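The residues making up each chain are set out below.
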Amino acid sequence: MGLSTHVLDTMHGVPAGGMKASLYTTHAGQATLVKHFTLNEDGRNPDGPLYDSASLKAGTYRLVFDVAGYFTARGVKLPEPAFLDKVTLDFGVADPGLHYHVPLLVSPWSYSTYRGS
């Protein structure tokens, strides 16, 4: 199944459609951009998985979500600077034969993530 992500806006109780995000591979402290994308109305990458199962490799990755930009676009008045600007999730893929789903639950003041199914 590869690698996928899903973002839920816990302030409004909806998927975070329109949030901008980026995927990177990381190695020895260096990040290499794989792609920029904007989440669809379901809070997911509109092109499907970020990597399919044939393309996902063991290693380390980074997802960066533009949280402040998303909430500002929704009309939420944020302090300057915003408490959360970009949320960066660094994670590892040990077995690329498994599905790695990386959900983000986020508000302007908190977030959580986990390895989903």
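Summarised in this report is the structure supplied together with it. (Residues numbered from 1 in each chain as written. Predicted model: local features only at pLDDT ≥ 70, side-chain atom pairs only at ≥ 80, totals over all residues. Heavy atoms only, no water.)

1. Considering the side chain of Asp-9
Stage number 1. Of note, Asp-9 is situated in strand S1 (residues 3-9).
Stage number 2. Judged by relative accessible area, which is 1%, Asp-9 ranks as buried.
Stage number 3. Reaching out from Asp-9, the side chain makes a polar contact with the side chain of His-12 at a distance of 2.7 Å.
Stage number 4. Side-chain polar atoms of Asp-9 contact the side chain of Tyr-70, separated by 2.7 Å.
Stage number 5. With near-sequence residues (within four places) excluded, Asp-9 lies in contact with Val-14, Pro-15, Ala-16, Tyr-70, Phe-71, Arg-74 and Val-106. (Helix = DSSP H or I, 4+ residues; strand = E, 2+ residues; numbered from the N terminus. Buried < 20%, exposed > 50% of the residue type's maximum accessible area, 1.4 Å probe, protein only. Polar contact = N/O pair within 3.5 Å; in protein donor to acceptor, adjacent residues only side chain to side chain. Contact = heavy atoms within 4.5 Å.)

2. Some thoughts on the side chain of Ser-4
Stage number 1. Within the element layout of this structure, Ser-4 appears in strand S1.
Stage number 2. A residue is classified by how much of its surface remains accessible, and Ser-4, at 15% relative accessible area, is buried.
Stage number 3. A distance of 2.9 Å separates polar atoms of two side chains, one belonging to Ser-4 and the other to His-99.

3. With respect to the sheet that holds strand S8 (residues 111-113)
Stage number 1. Sheet architecture is open: 4 strands sit in the order S2-S1-S7-S8, paired in mixed fashion. Pairing within the sheet leaves two strands with one partner each, and these edge strands are strand S2 (14-15) and S8.
Stage number 2. The pairing of S1 with S2 spans 2 bridges and is classified as antiparallel. If you follow Asp-9 over to S2, its bridge partner there is Val-14. (Pairing = 2+ DSSP bridges.)

4. Points about the pattern of salt bridges
Stage number 1. A full pass over the atoms with the stated rule returns 6 salt bridges.
Stage number 2. One salt bridge in this structure joins Lys-35 and Asp-47, with 3.6 Å as the shortest N-O distance. Note that Lys-35 is positioned in strand S4 (residues 30-38) and Asp-47 in the loop between S4 and strand S5 (59-66), a separation of 12 residues in sequence.
Stage number 3. Between Asp-66 and Lys-86 there is a salt bridge, and its shortest N-O distance comes to 3.8 Å. Of this pair, Asp-66 sits in strand S5 while Lys-86 sits in strand S6 (residues 86-93), placing them 20 residues apart in sequence.
Stage number 4. Classification of Asp-66 as buried rests on a relative accessible area of 19%. (Salt bridge = Lys/Arg side-chain N within 4 Å of Asp/Glu carboxyl O.)

5. Quick word on the environment of Phe-71
Stage number 1. As for its position among the elements, Phe-71 is in helix H1 (residues 67-73).
Stage number 2. Classification of Phe-71 as buried rests on a relative accessible area of 0%.
Stage number 3. Once the C-alpha coordinates of Phe-71 and Ser-107 are considered, the two residues, 36 residues apart in sequence, prove to be 8.2 Å apart.
Stage number 4. For Phe-71, the residues in contact, after removing those within four places along its chain, are Asp-9, Met-11, His-12, Val-76, Leu-78, Val-106, Ser-107 and Pro-108.

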